[in-house]
Amino acid sequence: MASKEGFLTNEQRETLKIASQNVEILSSSPKSPTSFLSEHHVKAPAGGKAPTAGIAVRHVRRSHSGKFVRVKKEGGGGKGTWGKLLDADSESPIDRNDPNYDSGEEPYQLVGSTITDPLDEYKKAVVSIIEEYFSTGDVALAASDLKDLGSSEYHSYFIKRLVSIALDRHDKEKEMASVLLSSLYADVISPIQIRDGFFILLESADDLAVDILDAVDILALFLARAVVDDILPPAFLTRAKKALPESSKGVQVIQTAEKSYLSAPHHAELVERRWGGSTHITVEEMKKKIAGLLREYVENGDTFEACRCIRELGVSFFHHEVVKRALILAMEIRTSEPLIMKLLKEAAEEGLISSSQMVKGFSRLAETLDDLALDIPSANTLFKSLVPKAISEGWLDASFLKSSGEDGGVRAEDEKVKQYKKEIVAIIHEYFLSDDIPELIRSLEDLGVPEYNPLFLKKLITLAMDRKNREKEMASVLLSALHIEIFSTEDIVNGFVLLLESAEDTELDILDASNELALFLARAVIDDVLAPLNLEEIGSKLPQNCSGSETVRMAQSLISARHAGERILRCWGGGTGWAVEDAKDKIAKLLEEYESGGVVSEACQCIRDLGMPFFNHEVVKKALVMAMEKKNDRMLHLLQECFNEGLITINQMTKGFTRIKDGLDDLALDIPNAREKFSFYVEHAQEQGWLLPSFGSSAADGSH
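The sections below set out a description of the structure shown in this document.

Calculation notes
- Counting of residues starts from 1 at the beginning of each chain's written sequence and follows it residue by residue.
- Restriction of local features to residues with pLDDT of at least 70 applies here, the model being predicted, together with a cutoff of 80 or more for giving and counting side-chain atom pairs; totals for whole chains, interfaces and linings are based on all residues.
- Values reported for side chains reflect all heavy atoms of the structure, with hydrogen atoms and water molecules removed beforehand.
- Secondary structure counts use DSSP, requiring at least four H or I residues in a row for a helix and at least two E residues in a row for a strand, with both numbered from the N terminus.
- Buried means the residue's accessible area, taken with a 1.4 Å probe over protein chains only, is under 20% of the maximum for its type, while exposed means over 50%, and partly exposed covers the values in between.
- Every residue pair with non-hydrogen atoms within 4.5 Å of one another is taken to be in contact.
- Under the convention used here, a 1.4 Å probe and the Shrake-Rupley method define accessible areas, while residue burial counts only the protein chains that appear.
- Simply put, an axis is a line fit to the C-alpha atoms, just over the touching stretch for a helix, and the angle between two N-to-C directions goes from 0 to 180 degrees.
- Note: crossing handedness is left-handed where the near helix turns anticlockwise from the far helix by less than a right angle, and right-handed where it turns clockwise.
- Under the scheme applied, nonpolar residues are Ala, Val, Leu, Ile, Met, Phe, Trp, Tyr, Cys and Pro; charged residues are Asp, Glu, Lys and Arg; polar residues are all the others, including Gly.
- What makes a nonpolar core is a set of buried Ala, Val, Leu, Ile, Met, Phe, Trp, Tyr and Cys residues whose side-chain atoms join them at distances within 4.5 Å.
- Summarising the geometry, the arc corresponds to the directions from the helix axis toward the C-beta atoms.
- Identification of polar contacts relies on pairs of N or O atoms within 3.5 Å, with a donor-acceptor requirement for protein atoms, meaning one able to donate a hydrogen and the other able to accept it, and with residues adjacent in sequence counted only if both atoms are side-chain atoms.
- Charge assignment: positive for Lys and Arg, negative for Asp and Glu; neither His nor the chain ends contribute.
- Salt bridges are defined as contacts in which a side-chain nitrogen from Lys or Arg sits within 4 Å of a carboxyl oxygen from Asp or Glu.
- Pairing of aromatic rings covers Phe, Tyr and Trp, the last through its six-membered ring, and needs centres within 6.5 Å; plane angles under 30 degrees mean stacked, over 60 mean edge-to-face, and all others mean tilted.
- Two thresholds decide whether a charge sits over a ring: the Lys NZ or Arg CZ must be within 6 Å of the ring centre and within 35 degrees of the ring normal.

Our next topic: the overall build of the protein chain. Scanning the protein chain for helices and strands turns up 38 helices and 4 strands. Each of the 704 residues in the protein chain was classed as buried or not, and the buried ones make up 44%. Across the protein chain, contacts joining residues at least 24 apart in sequence account for 71% of those joining residues at least 6 apart. Per element, the accessible surface of the protein chain, about 36,500 Å² overall, is 51% carbon and sulfur.

Structure, rendered in structure tokens:
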């Protein structure tokens with residue numbers, strides 16, 4: 001076989017030798033391809049473009065030694081690479097005028113392209129919208145520009161950007177930012193995006209505080225203002241606090257908002273006027289303006305003028321209030337209904353009141369119909385007639401029926417339950433006025449639907465939470481009375497479950513609902529209405545991470561604290577709280593004092609001064625036990641007087657006797673003739689008319 005070099009002629013071998021020598025010289029030169037690439041190719045600028053300086057990347061290869069070398073076109077040149085056979089010359093320049101010119105022979109030139117992030121583009125665009133708004137103060141233009149921009153999924157970042165820019169400006173811009181947020185709420189930016197935007201702000205509070213000295217306080221004011229303006233629910237503060245690291249500035253912002261602004265007396269007015277308020281009026285003032293323009297419209301019937309006034313209010317986000325108040329006015333003044341319907345129809349047709357605001361207005365009215373019926377008895381019937389008219393005329397979206405559970409204006413809720421709710425609202429309002437527990441109990445018994453007792457508890461506490469401490473205290477005292485009289489523990493448990501299941505909705509209307517519900521729960525335990533184990537039972541019936549579960553845990557913490565009993569007993573600040581054991585001690589002392597020679601009228605006055613008519617069955621029970629122990633029937637004289645004065649009702653008297661009957665076996669261990677004595681007392685009570693007729697047979701069974 002020929003040698004390995006037999007493939008080449010001598011001339012070819014010489015040519016190859018010369019080519020190899022040329023490559024040696026090129027690779028050892030100061031500006032070798034390796035150093036060139038390291039300077040001009042590997043180090044690409046930040047912009048993303050990699051300049052090639054005339055080097056075609058496809059002509060760069062790695063040699064066997066691992067170095068980068070420049071390779072000639074068609075494989076020629078480069079140590080450790082195959083050169084172009086029989087051609088050691090350098091590449092001839094490409095002539096574009098050559099008839100045989102092929103553009104494919106041109107070296108490749110890499111062109112870098114920057115990848116654009118839609119969020120970055122959005123953030124840049126909204127800055128100009130914000131700056132223009134701060135210059136012109138034109139809310140409508142800002143809203144229109146934001147809509148035209150699209151990318152609604154990024155609106156939460158608009159909130160962050162708006163507030164961040166306003167942080168470093170004057171009070172005027174801060175006020176303008178708050179007004180713009182209120183205006184954009186619901187119509188342009190959804191409630192969820194508002195919450196997300198404020199949460200992003202709270203997350204970035206640490207960074208903002210580095211550049212702006214008082215960032216925490218200003219952000220707290222923005223947060224409080226959002227709550228006061230009804231664009232953030234108070235519950236947002238609690239949830240956001242849990243989601244942020246405890247040591248973060250965001251938590252400080254929430255705490256400052258709660259303590260410095262939202263818990264202060266007249267906090268709404270204080271917060272709204274903090275930045276001068278020249279461009280904003282309070283919610284109450286706005287409601288008065290709306291009521292005024294509607295009354296004026298009913299008097300003069302000028303629809304064009306009324307629409308102009310609504311437009312001048314400049315609160316498109318609050319038009320649902322116009323709808324609600326207009327409908328109420330139509331119910332109050334029956335002759336005004338045609339005018340009101342005409343106004344709402346015209347406002348909807350010219351786009352003055354949006355479809356969403358119209359539906360929201362009807363929905364808000366539907367939610368308050370039960371309370372409204374106390375002042376306008378025919379409210380439910382009238383509302384039923386207004387809804388189909390509005391839908392048939394085309395200015396109320398038919399989706400309202402599905403969203404509200406209405407069918408031709410009739411709630412999907414069971415009519416019996418609806419009627420019950422209406423009646424108990426009147427009963428509770430009467431109780432808050434009269435403080436007459438026996439009367440309330442009689443009214444509930446007259447309704448004759450004990451299966452709805454949990455609904456009563458829910459309504460009682462919900463109404464009390466929206467009132468002063470006096471009513472809250474009265475609600476807790478009433479709860480104790482109901483538990484003793486007609487409510488089972490199961491009723492109480494189920495009532496609190498209903499309350500806590502709707503806790504998040506309640507928090508939208510009542511600022512501190514979660515804390516107050518926890519106090520009601522803790523107070524129920526202290527008053528022996530619930531046992532501590534019942535709290536666990538209530539918690540087990542709720543979703544684990546809901547607001548209601550957190551309220552139960554809060555109540556358990558309150559109960560486990562030192563001196564919890566006394567503090568919780570006085571939680572409403574009225575000083576009228578009482579503990580069951582305290583009450584029993586007071587009753588025992590007044591009876592002993594009477595037995596040792598006291599005056600009947602004075603004893604009756606002491607019972608009256610206790611202020612616990614729902615607990616008078618304990619007076620009856622202790623009086624009978626004392627009569628047995630002392631072998632002295634003076635107590636019967638006291639009970640007779642109490643009954644004659646109406647101080648102790650027949651229900652309470654019967655309940656006291658029933659308590660004795662139920663415990664006769666234990667009582668007989670200490671008082672051998674307890675059964676005989678009790679039988680005598682029952683006969684006497686029946687002769688005097690103290691006991692209900694139903695007590696007869698059951699008493700006889702227990703006394704033999």
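We now examine the packing of helix H6 (residues 171–184) against helix H9 (residues 215–228). At a minimum axis separation of 10 Å, H6 and H9 run at an interaxial angle of 35°. The handedness of the crossing between H6 and H9 is right-handed. Contacts between H6 and H9 involve Lys-174, Glu-175, Ala-177, Ser-178 and Val-179 from the former and Ile-218, Phe-222 and Arg-225 from the latter. Looking at side-chain class alone, the contact of H6 with H9 contains 4 nonpolar, 1 polar and 3 charged residues.

This part is about the nonpolar core. By size, the foremost hydrophobic cluster in this structure holds 60 residues, and its most contacted members are Phe-134, Leu-146, Phe-158, Phe-198, Phe-222 and Leu-223. Among the elements that take part in this core, H9 stands out by supplying 12 residues, more than any other. Setting aside its immediate chain neighbours within four residues, Phe-198 contacts Ile-159, Leu-181, Phe-222, Leu-223, Ala-226, Leu-232 and Phe-236. In this structure, Ile-428, Leu-440, Leu-542 and Trp-572 belong to the second largest nonpolar core, which totals 52 residues.

Here helix H4 (residues 139–149) has its buried residues at Ala-142, Ala-143 and Leu-146. Considered in projection along H4, the buried side chains sweep an arc of 100° and stay on one side of the axis. Relative to its buried face, H4 has exposed residues pointing more than 90 degrees away, namely Ala-140, Lys-147 and Asp-148. Sitting at the amino-terminal end of H4 is Asp-138, which places a side-chain oxygen 3.2 Å from the backbone nitrogen of Ala-140. Immediately beyond the C-terminal end of H4, within one or two residues, lies Gly-150, with a positive phi of roughly 75°.

With that settled, the discussion passes to the side chain of Glu-173. Its place among the elements puts Glu-173 in helix H6. Among buried charged residues, Glu-173 stands out as having no salt bridge; its nearest opposite-charge side chain is Arg-169, 4.8 Å away. Not counting residues within four places of it along the chain, the set of residues in contact with Glu-173 comprises Phe-134 and Ala-166.

Before going further, it helps to examine the side chain of His-617. Assignment of secondary structure puts His-617 in helix H33 (residues 616–630). Apart from residues lying up to four places away in sequence, His-617 is in contact with Ile-484, Glu-485, Gln-652, Lys-655, Gly-656 and Arg-659.

Counted under the stated rule, the structure contains 10 aromatic pairs. When the centroid spacing of 6.0 Å and the interplanar angle of 40° are considered together, the rings of Phe-657 and Phe-678 count as tilted. Linking Phe-657 in helix H35 (residues 650–662) with Phe-678 in helix H37 (residues 674–688), this pair joins segments that are 21 residues apart in sequence. Here Phe-657 matches Phe-678 in class, with each residue buried. Taken together, the ring pairs in this structure connect Phe-362, Phe-383 and Trp-395 into an aromatic cluster. A cation sits over an aromatic face here: Arg-634 above Tyr-594, 4.6 Å from the ring centre.

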